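# Reading the structure
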Amino acid sequence: MEKLLRDVFLVGLGVLSLTREKAEEIVEELTRLRGVTEKEKRTLLERLIKKGEEQKKEIDERIGERVEKVVSRLKVATKEDIERLEKKIEELKKKLS
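Read on for an overview of the structure. Everything quoted here is computed from the prediction, not taken from an experiment.

## What about the nonpolar core?
With 6 residues, the main nonpolar core is built from A23, V27, L44, L45, L48 and I49. Only helix 2 (20–34) and helix 3 (38–74) provide two or more residues apiece to this core. If one sorts the elements of this core by residue count, helix 3 sits on top with 4 residues. Look past the residues within four positions of V27 in its chain and what remains in contact with it is K41, L44, L45 and L48.

## Examining the packing of helix 2 against helix 3
Direction vectors running N to C along helix 2 and helix 3 enclose 140 degrees, while the axes themselves pass 10 Å from each other. Between helix 2 and helix 3, the interaxial angle falls into the category oblique. The two elements helix 2 and helix 3 meet at a crossing, and its hand is right-handed. Here helix 2 contributes R20, A23, E24, V27, E28 and T31 to the contact with helix 3, which in turn contributes K41, L44, L45, L48 and I49.

## What about the pattern of salt bridges?
Within the structure shown, the criterion is met by 3 salt bridges. For E58, the salt bridge goes to R62, with nearest N and O atoms at 2.8 Å. Of the two residues, E58 and R62 both sit in helix 3, 4 residues apart, roughly one turn of that helix.

## Things to note about the environment of R84
Along the chain, the position of R84 falls in helix 4 (residues 79–96). Residue R84 is classed as exposed on the basis of its relative accessible area, which comes to 53%. Among the polar contacts listed, one links the side chain of R84 to the side chain of D81, at a separation of 3.2 Å.

Parameters and conventions
Residues numbered from 1 in each chain as written. Predicted model: local features only at pLDDT ≥ 70, side-chain atom pairs only at ≥ 80, totals over all residues. Heavy atoms only, no water. Core = buried A, V, L, I, M, F, W, Y, C linked by side-chain atoms within 4.5 Å. Buried < 20%, exposed > 50% of the residue type's maximum accessible area, 1.4 Å probe, protein only. Helix = DSSP H or I, 4+ residues; strand = E, 2+ residues; numbered from the N terminus. Contact = heavy atoms within 4.5 Å. Axes fitted to C-alpha atoms, helices over the stretch in contact; angles between N-to-C directions. Parallel < 35°, antiparallel > 145°, perpendicular 65-115°, else oblique. Left-handed = near helix turned anticlockwise from the far one by under 90°. Salt bridge = Lys/Arg side-chain N within 4 Å of Asp/Glu carboxyl O. Polar contact = N/O pair within 3.5 Å; in protein donor to acceptor, adjacent residues only side chain to side chain.

Right, dumping it as structure tokens:
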């Protein structure tokens, strides 16, 4: 079973782009070739999907961190900066009225 999982991982390095349907196809083919039980097949599919979700989450977090660094370096106003300035403008308008 562990070898089968390794094989799936290697085959599915692009697992982030896998749909559940495609993951099921890969697992079906590998299990057909290896002759594993239905229980092992379900376990393998669940692990493959879970691993894909974990990798997607990790990549999303890394991308978010990189974007924040780039925005910080470029000194571009963030949404929060703009909202803070809009609030300040409204306060100043009230004082002038």
